[in-house]
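# Survey of secondary and tertiary structure
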Amino acid sequence: MKDPLRLHYAPDNASGIVRLALEELGLSFETVLVDRSQKAQQSAEFRAINPAAKIPALETQDGTMFETAAILLWLADRSGRLAPAATSPKRASFLSWLFYFSNTLHANLRMSFYPEKYVGPDPTHHQALLSGARTNITDGLQILNTYAGEGQLWFNNPENLSILDLYMGPMLRWMALYPRDDTDWFTLEDWPHLHALAARIEMRPSALALCAAEGMAPHPFTAPTPPTPPEGVAL
């Protein structure tokens, strides 16, 4: 893989998941801040990079990529690490879970953070969407906590880190932090296998690098606090 790659990021956004993967793979990469305080993600300049106007985007030798799961899978396939090979009998199940993370858990989290983007400005509609999204998230946590406790090869395996593990840690962080002052519905200790995963991932050098780069305190996944990033703003 040719270096460097360029990660368009904002602190405590989905770009942090990609940063974890880049760090785990030991790849050289540059970062470009997408300043959310200026709504830079909606600018013509950024839309030329990601027409969907969402963070992250990754410039690669194959062109610019967007969508978190797509970037993670590309990195894993190009490096031959963090995911089963395309010819592996484990690949089919792995892809199902990766897209479940992206299309169900992550998508419902985004709805809970930005209800106005989905149902307009009426606060009554916001609450209805938030209630439904959190039901979906809780159902997902039950499924994933069970799956994480079943001795899987590619999820919550101390001997076999994967992009699923790296995806899960930040999502657990966001559940505990966002929206601000409205997180009482979530307690990580209720999901012991996911708690163990988060505790293990946050001690890795990749997570320490993420914390340093984006102003996160120690224990970013099991006991998160709002970040104080050196540049830009978070969710």
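None of the values given here were measured: they were computed from a predicted structure.

Thresholds applied
- Residues numbered from 1 in each chain as written.
- Predicted model: local features only at pLDDT ≥ 70, side-chain atom pairs only at ≥ 80, totals over all residues.
- Heavy atoms only, no water.
- Helix = DSSP H or I, 4+ residues; strand = E, 2+ residues; numbered from the N terminus.
- Axes fitted to C-alpha atoms, helices over the stretch in contact; angles between N-to-C directions.
- Parallel < 35°, antiparallel > 145°, perpendicular 65-115°, else oblique.
- Left-handed = near helix turned anticlockwise from the far one by under 90°.
- Contact = heavy atoms within 4.5 Å.
- Nonpolar A, V, L, I, M, F, W, Y, C, P; charged D, E, K, R; others polar.
- 1 Å grid on protein atoms, 1.4 Å probe; cavity = no way out; pocket = protein on both sides within 12 Å on 5 of 7 lines; lining within 4 Å.
- Points joined across faces, edges and corners; volume = space filled by probe spheres on them.

Quick look at the environment of alanine 44 now. Checked against the element boundaries, alanine 44 lands in helix α2 (residues 44–47). For the pair alanine 44 and arginine 134, spaced 90 residues apart in the sequence, the C-alpha separation amounts to 33 Å.

Packing of helix α3 (residues 68–79) against helix α4 (residues 91–113) brings their axes to within 10 Å, and their N-to-C directions diverge by 150°. Between α3 and α4, the angle falls in the class roughly antiparallel. The two elements α3 and α4 cross, and the hand of that crossing is right-handed. Taken together, the residues of α4 that come into contact with α3 (itself represented by Thr68, Ala69, Leu73 and Asp77) are Arg91, Leu95, Leu98, Ser102 and His106. A breakdown of the residues in the contact of α3 with α4 according to their chemical character gives four nonpolar, three polar and two charged.

Bringing the layout of surface pockets into the picture now. Computed from the structure, the largest pocket encloses a volume of approximately 660 Å³. Surrounding the largest pocket, 30 residues form its lining, Lys54, Ile55, His106, Arg110 and Tyr114 being those nearest its centre. Among the elements of the structure, α4, α5 (116–119) and α7 (163–177) are those that each provide at least two residues to the lining of the largest pocket. With six residues, α4 is the largest single contributor of residues to the lining of the largest pocket. Considering only residue class, the lining of the largest pocket consists of 16 nonpolar, seven polar and seven charged.

Function cannot be inferred from these measures alone, as they are strictly geometric.
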